[in-house]
Amino acid sequence: MALHKLTISEASAAIEKGEISPVELANALFDRIDAVEKKIGAYVTITMEHAIGQAKEAGNRVRNGEKGKLLGIPMAIKDNMCTEGIKTTCSSNILGNFIPPYESTVTQELKERGYVLTGKTNLDEFAMGSSTENSAFGYTKNPWDTARVPGGSSGGSAAAVAADECIAAIGSDTGGSIRQPASFCGVVGMKPTYGRVSRYGLVAFASSLDQIGPITKTVEDSAILMNIISGNDPYDSTSAPAAIPDFTSVLGKEIKGLKIGIPKEYFIEGIDAEVGEHVKNAVKQLESLGAVPVDISLPHTGYAVATYYILATSEASSNLARYDGVKYGFRAEGKDLLDTYMKTRAKGFGDEVKRRIILGTYALSSGYYDAYYKKAQQVRTLIKQDFEKAFETVDVIVTPTAPTPAFRAGEKTADPLQMYLSDILTISVNLAGMPAISIPCGFTSGSLPVGLQIVGKHFDEEAVFKTAYAYEQSTDWHKRKPKL
Ligand code: GLN
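Values in this document were obtained by computation on a predicted structure and should not be read as measured data.

Draft legend 1. Representation of the site of the ligand in the model. The environment of the ligand is formed by 15 residues, the closest being Thr174, Gly175, Ser177, Tyr308 and Asp423. Within the side chain of Ser130, a nitrogen or oxygen atom sits 2.8 Å from a nitrogen atom of the ligand. Between Gly175 and the ligand, the recorded distance is 2.6 Å, taken from a backbone N or O atom to an oxygen atom. Across the complex, the protein chains shield 100% of the 290 Å² of accessible surface that the ligand would expose by itself.

Draft legend 2. Quick look at helix H7 (residues 219-229). Judged by how many residues are buried, H7 sits mostly within the fold: 9 of 11 residues are covered. For H7, the complete set of buried residues consists of Val219, Asp221, Ser222, Ala223, Ile224, Leu225, Met226, Ile228 and Ile229. Gly231 lies just past H7 and shows a positive phi near 130°.

Draft legend 3. Main features of the pattern of salt bridges. Applying the stated criterion to the full structure yields 18 salt bridges. Residue Glu66 is joined to Arg61 by a salt bridge in which the shortest nitrogen-to-oxygen separation is 2.8 Å. With relative accessibility at 35%, the residue Glu66 sits in the partly exposed group. A salt bridge links Glu352 to Arg356; the shortest N-O distance between them is 2.7 Å. Note that Glu352 and Arg356 are positioned in helix H11 (residues 351-364) at a spacing of 4 residues, about one turn of the helix. The exposure classification of Glu352 matches that of Arg356, with both residues buried. Residues joined by salt bridges that share partners form a network here, namely Asp164, Lys217 and Lys481.

Draft legend 4. Representation of the side chain of Asn122. Here Asn122 is to be found in the loop between strand S3 (116-121) and helix H5 (155-162). Residue classification places Asn122 among the buried positions, given a relative accessible area of 1%. Here the side chain of Asn122 touches Thr140 through a polar contact of 3.0 Å, side chain to side chain.

Draft legend 5. Molecular detail of the packing of aromatic side chains. This structure, assessed with the given rule, holds 17 aromatic pairs. Measuring from centroid to centroid gives 5.1 Å for Tyr369 and Tyr373, while their planes differ by 40°, and the two rings are tilted. Its relative accessible area of 15% is what places Tyr373 among the buried residues. A cation over an aromatic ring shows up here: Lys412 above the ring of Phe407, its NZ or CZ 4.7 Å from the ring centre.

Draft legend 6. Summary view of the nonpolar core. Counting 110 residues, the largest nonpolar core has Leu25, Leu110, Phe126, Phe387 and Phe465 as the members making the most contacts within it. Beyond its immediate chain neighbours, meaning those up to four positions away, Phe465 contacts Met190, Val219, Ser222, Ala223, Met226, Phe247, Val250, Leu251 and Ile437. The next biggest cluster of nonpolar side chains, apart from the first, holds 28 residues, and it includes Ile40, Trp144, Ala169 and Leu448.

Cut-off values and rules
- Residues numbered from 1 in each chain as written.
- Predicted model: local features only at pLDDT ≥ 70, side-chain atom pairs only at ≥ 80, totals over all residues.
- Heavy atoms only, no water.
- Near = heavy atom within 4 Å.
- Polar contact = N/O pair within 3.5 Å; in protein donor to acceptor, adjacent residues only side chain to side chain.
- Areas by Shrake-Rupley, 256 points an atom, 1.4 Å probe, with all protein chains shown as cover.
- Buried < 20%, exposed > 50% of the residue type's maximum accessible area, 1.4 Å probe, protein only.
- Helix = DSSP H or I, 4+ residues; strand = E, 2+ residues; numbered from the N terminus.
- Salt bridge = Lys/Arg side-chain N within 4 Å of Asp/Glu carboxyl O.
- Phe/Tyr/Trp six-rings, centres within 6.5 Å; stacked < 30°, edge-to-face > 60°.
- Lys NZ or Arg CZ within 6 Å of the ring centre and 35° of its normal.
- Core = buried A, V, L, I, M, F, W, Y, C linked by side-chain atoms within 4.5 Å.
- Contact = heavy atoms within 4.5 Å.

The structure is reproduced here in structure tokens:
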């Protein structure tokens, strides 16, 4: 058995039956990492020694009769979530040597259930980007074609899952950073409802948009992880006190009569022809399973990218003010305090982060605040209302996840606007706070994966999972593996 290929559900069953031990499984994963990581570059930090210790501990718990879906499961965590005693860099020089003194709530939940941390994965610096090329610590490559990007910003997590360098991973999504890389790498990426999962210990980028979520090989694994990481947290006042359903209980339920909205604004010029074709076929497939497609309109879609880049950069300029070389992180000594601040930030941040701090500071400055920030907030409300109105008549909304398949490394680095446009189909969902998943729905003639996005109502991840699972089980895209 090629243990590194297992899903959470398969591996936990094998561990429970005593067919494999957590240490065997962890060793298999590190052998795999050894074999392919040079080609992929998914990790910033590999935590092998720590992992073997955790695997031994999980093995003891198994021997004591404990059962649990995550007991002994090797997982990778995006390097913008704090792990106590383990470097958390955000792929930025400014946090290059930062070792958090505390654990994020999400990783704490995973830890308590006995997961094994394989390492911290690469991202665009501070999660700002769509290709993982903005990392201070090297590029991550797409396992399907190493000349191409894995998407971003959770590119390391998605590539690690696609290349079987972990059983599952955790990412974060502010404007598409879980779903777009999942789409580019042919895996499953779930952005939960805003407020569903605690962000305590997630390094903040844009606090009104950031969400943590799973990146997995299957929809079932995604639901398993959502059961564990969801919930209200006293350490994150934006986490909602909503009841947490058993997300796995909807898997396998019929989708007969389910109304799926097809927004006309998401099937327009600029969408790659093969991507459009695969998504249309996916809609037909859902229809053959009993779902009922309904044409809908989300009229303010065209303003989403502009709105996002005002709001996200404004929030980022405020969130990133804390990196000043005084409290923690990198420090470049200057002749006085102000000079130290300036040198630290000039040397510590990369170009894209600086661009966003400048943009955001400008949008928030007096005289421009009303014209930009306030206006963007008003448009955000309109975008949210578009979704709310649509959901009065449909149960889920189906779209492509990204306008194109994975693009070539270097293709968009010289033109930030082109890069920003790669999230055109995911950004509105963050602005509106809805849950959405990306699942594989086909391959281009060049063997690149295509992703299908399924969006749900606020706190209705169940409809999203039900639809995604029904589709996944009636196709075999998720079974394909990149040749490495
Ligand atoms: N690509 C988008 C950006 O650069 C989204 C990033 C994200 O979701 N973290 O902001």
